[in-house]
Amino acid sequence: MHTPLHTMPITIDWAHFTPWSALAGGALIGLAASLLILLNGRIAGISGILGGLLRPTPGEIGWRAAFLVGLIAAPWLYAPVSTLPTVRIEASEGLLVAAGLLVGLGTRYGAGCTSGHGVCGLSRLSPRSLAATLVFMAAGFATVYVVRHLIAPH
């Protein structure tokens, strides 16, 4: 029997609830985005940074590569001071490839990604970023609802 959503209890997994590390991570993301725009005049949108490496412009390669290397290296730099969470992906390789291609297509059509619009654009009060963020959040909510409640076995 399927339980209606409005009667399902909301629970918090207190053992894995980590507000302080989430706050610290959010503050570091905000600091990095602020420093990049203040010191370099650039938006910390990952799709734009990566896209700029795929069609390089003189003088742009160094900071873009350093930013992406920092993203990739961060877990290894963090590992000695804390335990990294176990990564468990419950999807096939084909589904992951399809999802990645859809995200890439969405970032092209939306002229940016979650970091560019959601972090940097909203902090600059950009109406275009507000619209993009509302659309990708709604799409995410709808996707989770469909996958977990309509497609998933009951």
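Residues numbered from 1 in each chain as written. Predicted model: local features only at pLDDT ≥ 70, side-chain atom pairs only at ≥ 80, totals over all residues. Heavy atoms only, no water.

The next point concerns the layout of surface pockets. Put simply, the largest pocket is a space of about 810 Å³. What lines the largest pocket is a set of 21 residues, among which Ala99, Val103, Ala139, Gly140 and Thr143 lie closest to the centre. Mapped onto the lining of the largest pocket, the elements with two or more residues apiece are α4 (93-109), α5 (114-123) and α6 (127-151). Top contributing element to the lining of the largest pocket by residue count: α6, with 9 residues. Of the residues belonging to the lining of the largest pocket, the class tally is 11 nonpolar, 8 polar and 2 charged. (1 Å grid on protein atoms, 1.4 Å probe; cavity = no way out; pocket = protein on both sides within 12 Å on 5 of 7 lines; lining within 4 Å. Points joined across faces, edges and corners; volume = space filled by probe spheres on them. Helix = DSSP H or I, 4+ residues; strand = E, 2+ residues; numbered from the N terminus. Nonpolar A, V, L, I, M, F, W, Y, C, P; charged D, E, K, R; others polar.)

In this section: helix α1 (residues 19-40). Spanning 22 residues, α1 covers 31 Å between terminal C-alpha atoms, matching the ideal 32 Å at 1.5 Å per step. Directly beyond the C-terminal end of α1, a positive phi value near 70° is found at glycine 41. (Expected span 1.5 Å × (residues − 1).)

Bringing α4 into the picture now. With 17 residues, α4 should cover 24 Å at 1.5 Å per step; its first-to-last C-alpha distance of 24 Å lies within 8% of that length. With its phi angle positive at about 55°, alanine 111 sits one or two positions after the end of α4.

With that settled, the discussion passes to the confidence of the model for the protein. Here the protein averages 86 in pLDDT, and 93% of its residues register 70 or above. Within the protein, helix α3 (residues 61-78) carries the highest mean pLDDT (91), whereas α4 carries the lowest (87). (pLDDT = per-residue confidence, 0-100.)

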